[in-house]
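Descriptive analysis of the structure
What follows is the residue order along each chain.
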Amino acid sequence: MKRTPITLKLYQQKPFRIMAWATLALLVLAVGIFELMGWPFLAKPAEQWLSKTLERDIQLTKPDESDPRFKLRLIGGIRLSLNHFEVDSPAWSQSPFMVRAENVSVGLRYVDLIKWANTPESALRIKSLTATLLNGNFERLKDGRASWQFAKNEPDTGPAPAPEFGLLAIQKGQITYRDEPLDLELDATLSLQEGEIGADALTVMALGSYQGKKLDIQLKSTGVLPWVAKQGKPIPVELNVSLGRARLDFKGNAADALGMQQLSGQFAVSGSSLAAAGQALGVTLPNTPAFRTEGNLVRDADNWQVNIDNATIGSSRLNGRFVYKGGKTQPLLTGELKGPSLVLADLGPTVGAPAEKQVAAATSKGRVLPDKPFDLPSLRAMDADVKIDIDNLDLGSEILKPLRPLRAHLAVTEGVLTISDIQAKTAKGELAGSVQLDGREDIAIWNVDLNWANVQLEQWLNIPRPDNEPPYVTGTMNGAAKLSGQGRSTAEILGSLAGNVRTQVRNGTMSHLIVEAAGLDAAEALGVWFRGDDVLQMTCAFADLDANNGVLQPRVFVIDTQDSAMWVNGSISMKTEALNLRVVVTPKDFSPVSLRTPLLITGTMGSPDVSLEKGPIAGKVAGAVLLSLLNPFAALIPFVDTGAPDSAENANKTGCYDLAARSKVQREKN
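In this report, we go over the structure that sits alongside the text. (Residues numbered from 1 in each chain as written. Predicted model: local features only at pLDDT ≥ 70, side-chain atom pairs only at ≥ 80, totals over all residues. Heavy atoms only, no water.)

Quick notes on the overall build of the protein
Note the threshold: Put simply, DSSP marks the helices as runs of H or I at least four residues long and the strands as runs of E at least two long, and each gets a number from the N terminus on. When accessible area is computed with a 1.4 Å probe and restricted to protein chains, residues below 20% of their type maximum are described as buried, those above 50% as exposed, and intermediate ones as partly exposed. A contact between two residues is defined here by any heavy atoms of the two lying within 4.5 Å. Only the protein chains shown count as covering a residue, and every accessible area follows the Shrake-Rupley method with a 1.4 Å probe.
Tallying secondary structure elements over the protein gives 13 helices and 32 strands in all. Taking all 670 residues of the protein together, 40% fall into the buried category. Summarising the internal contacts of the protein: among those between residues at least 6 apart in sequence, 50% fall at separations of at least 24. Only carbon and sulfur atoms are counted for the fraction: they give 59% of the accessible area of the protein, which is about 36900 Å².

Now the structure itself:
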C-alpha cells in the first residue's frame, strides 16, 4: 500500500507514542505498587521535610526500630499508619515532647489541608486519629504562644485554635494541658475499650485547677465519641464536673463533650453561688447563696434551651423555662421564671444588698445601708426578656408579710434593667409600678414609680401581742412613691435620693399605749398597763415626704386620734444615715402625770438615740424643785397637763384637712 505523506508521518511517530504510553503505564504501575507497599522509602524524607517545614523535630519511626511500620496511602486523601509517632515541643517549652503515640493511624483530606494552608489561623481538621497509646503535653502562654502552633511559633492576638477531629479513638492516653490565659491546669487520663454493646467505651478522668479552684472531670461514653468534632453525630454520654464547691452532673447525648456542643439531656448543678457555675459554663449569672438546680437542657453551638424543674437558691424554690442565645454580639436570655417561693435576700447580692449572715462584710463599719458595689459589667454583658410569676415573695422581714403573688416583666437592654408591669398583692391590698436601673455608665441611675392601695395594716404588719390584745395599728393604707437616685451601690443611690413619698391610712386605729408612750404620759401609760390596752380611732394618718440630695424631710407627717395629735418634723439623711427627728404630741385629755415635751430621735440608723428635748423639760423640772421647797405635793403641779380639747368650731372639722392646718401652726409654735 502506497503511503501518503500523512500516513508516513504517523508511522514515523508510532514508536514515540508507544514509548509514552508504556512510560505512563509503568508510572501508574509503580504508583500502584508503591501505594500497596505503603511508600516505605518516604519515611525518612518525610521526617526531614516535616521537621524543616514545621521547624519542629518530627519522628515517624523510632531511631532504633528494627522493623519500622510505615504505611502511607495518598490516593483519595492521606492515610498514614505508624508504629511510632512523636512531635517535639517548641524551643520555649520545658516538656520533653508535645505528642507521642504508638500504633497510630491518621487520616486527612486534601481539602482540609489546602484550607489550613491558605488560612493558618484556622483549626486544622483531622479526619481520624486512632492509637493504642497517646501521650500529650499542650501549653499556651500569656503572650499567645501555643505548643500546637508550628513554624516560628508567632503569638496570636486571639486564642490559638486546637485541631478538630472527626474521630479520635485512643485505647490509653495521658494528656497534660496548661493554659496561662485561662489559668487552667489539667492532667487527664483517657481510655477507649470497644467491646460489649452498652458498655462504657470511652472514659476520661481529669484533675487540675481552674482560676485557683480545684477541677475534677469525669466523662463516660458508650461508643467511640467524636468528642472534639463540630458536626459529629450525638451519642450517649455521662459527664460529671466539680469546680471548687460547684458541681455539674449531666447524662444525655453529646457530639462534642470537650466543647460541650450539641448537648441534650438531664442535668443537676449545685454550688455556693450561681455566678460561679455560670463562669464555668460561659454564661452570665447573678451572685446568690448556695443553690441546686435540676432539669433538662439542649445546647446547639452558642444557644441553650434550659427547662428548670426544681431550683433551690438559699431558701427560695423556683422553676422556669429559658432560652439563652449567645452567638450574637450581645447575648440574650428569654423565658419565664416561676415558683412557689422567692426570698428577696437570696437575690440581695445581685442588687448590692447583703445576703443573710453577710451583713457585716457587705457594709462599712457602723453603717446600715448596703454599700456593696453593683456588678454593672455583668449587667451590660447580657440582654434579657423574662416574665416573672412568683406565688410568694418573702421580703426578708419578720415584721412585713410576703407579697402573694408577684407578677412582673424583667428586661435588660444594653445595660438598662427594667422591672415593669409589677402586680403584687399583700394583706388584701395591691402594689403596682416599675423599677429601673440604668447601668450603661460607671454610675448607675435608679428610678422607681410605685403605688400601693388597700393594704390592711393589721394583716401586713406581723407584730404579735400577748393575751389577745388588739393590734398596735390597723387601717387601710394607700400611697405612692416616685424616686430617683444615682450611684455605684444601694447606699450611694439612696444617698442621692430625690423625689416624693406619700402615704395615708384610712379607717385606722392605734394602740393607746403607743400614743401615751410617744407623749411620755406616765399616768396614762401606767393605767393602760394595769387595765389593758385599748385602741384609739385615727381620724387622720398622713405622711408626705420630700427627698432631695439624699435627705428625707416631711412636708406633713401627722397622726390624729381621739386622745392626742402627734406630728413629726426634722430630717433623715440617707447619705450619712444621720437621724434628726422631732416628735411632738398634743394631748386632748387631762393627765395628772405627764412629760409633754418634744421627743428627739438623733444618732444614726445603726445607733439611734431617743431623748427628750432639754429646754421644755428643764423648765418643768426647775419649777418642780422651786415649788417643792414650799410643799412636797406641789412638785406634781408642773406635770399636770390640762390638755387642749377641740373647740366647738373645730369639732365640726374632721379628718386630715383640719389636722394638716393645725400641724403647720403647731410646728411654728414649737
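A look at the pattern of salt bridges
Which entries qualify depends on this criterion: Salt bridges are defined by distance alone: a side-chain nitrogen of Lys or Arg within 4 Å of a carboxyl oxygen of Asp or Glu.
The final tally for this structure, using the stated rule, is 15 salt bridges. With a closest N to O distance of 2.9 Å, Arg109 and Asp112 form a salt bridge. The residue Asp438 makes a salt bridge to Arg440 at a minimum N-O spacing of 2.6 Å. Residue Asp438 is classed as buried on the basis of its relative accessible area of 13%. Each of Arg502, Asp544, Asp546 and Arg555 takes part in a single network of salt bridges with overlapping partners.

Some points on the environment of Leu297
Among the structural elements, Leu297 can be located in strand E15 (residues 291-300). Separated by 24 residues in sequence, Leu297 and Arg321 have C-alpha atoms that sit 9.9 Å apart. Not counting residues up to four positions away in its chain, the partners in contact with Leu297 are Phe250, Leu263, Ser264, Gly265, Phe267, Trp304, Gln305 and Val306.

Description of the packing of aromatic side chains
Test applied: Pairing of aromatic side chains here covers Phe, Tyr and the six-membered ring of Trp, requires ring centres within 6.5 Å, and sorts the geometry by plane angle: under 30 degrees stacked, over 60 edge-to-face, intermediate tilted.
The full count for this structure, using the stated rule, is three aromatic pairs. Ring centres 6.4 Å apart and planes at 55° place the aromatic pair Phe138 and Trp148 in the tilted group. In this pair, Phe138 sits in strand E6 (residues 128-140) while Trp148 sits in the loop between E6 and strand E7 (164-165), placing the two residues 10 residues apart along the sequence. Owing to a relative accessible area of 13%, Trp148 belongs among the buried residues under this scheme. Aromatic side chains Trp148 and Tyr177 sit 6.1 Å apart centroid to centroid with 20° between the ring planes, which places their arrangement in the stacked category.

So, the pairing of strand E4 (residues 99-108)
Keep this limit in mind: For two strands to be treated as a pair, DSSP must find at least two bridges joining them.
With seven of 10 residues buried, E4 is to be regarded as a mostly interior element. Taken together, the nine bridges between strand E3 (residues 78-87) and E4 define a ladder with antiparallel strand orientation. Within E4, the residue paired with Leu80 across the bridge is Val106. Pairing of E4 with E6, which is carried by seven bridges, proceeds in the antiparallel orientation. Of the residues in E6, the one forming a bridge with Ala101 is Leu134.

Regarding unusual backbone geometry
Residues Arg404 and Pro405 are joined by a peptide bond in cis, for which omega reads -10°. Mapping Pro405 onto the fold places it in the loop between strand E20 (393-394) and strand E21 (406-413). Backbone geometry places Gln211, a non-glycine residue, at a positive phi of 50°. The exposure class of Gln211 is partly exposed, given its relative accessible area of 35%. The phi torsion at Lys428 lies on the positive side, around 65°, for a residue other than glycine. Position of Lys428 among the secondary structure elements: in the loop between strand E22 (416-426) and strand E23 (429-438). Look at Lys428 and you get exposed, because its relative accessible area is 68%.

Thoughts on the pairing of strand E29 (residues 564-573)
With eight of its 10 residues buried, E29 lies for the most part within the structure. Here strand E28 (residues 551-561) pairs with E29 via five bridges, running antiparallel. Across the sheet, residue Val558 finds its bridge partner in E29, namely Trp567.

Quick look at helix H2 (residues 43-54)
Three- or four-residue spacings in an α-helix give side chains the same orientation, since the helix completes a turn every 3.6 residues. The line we're drawing: To estimate the expected span of a helix, count its residues, drop one, and scale the result by 1.5 Å. Each C-beta atom gives one direction from the helix axis, and the arc is the one those directions make.
With 12 residues, H2 should reach 16 Å at 1.5 Å per residue; the first-to-last C-alpha distance of 16 Å fits that figure. What H2 keeps buried is the set Ala43, Glu47, Ser51 and Leu54. The arc that holds every buried residue of H2, seen down its axis, measures 85°, which confines them to one face. Facing away from the buried side of H2, by more than 90 degrees, are the exposed residues Gln48, Trp49 and Lys52. In this structure, the buried residues of H2 make contact with strand E1 (58-59) and strand E2 (70-73). Downstream of H2 by a residue or two, Glu55 has a phi angle that is positive, lying close to 55°.

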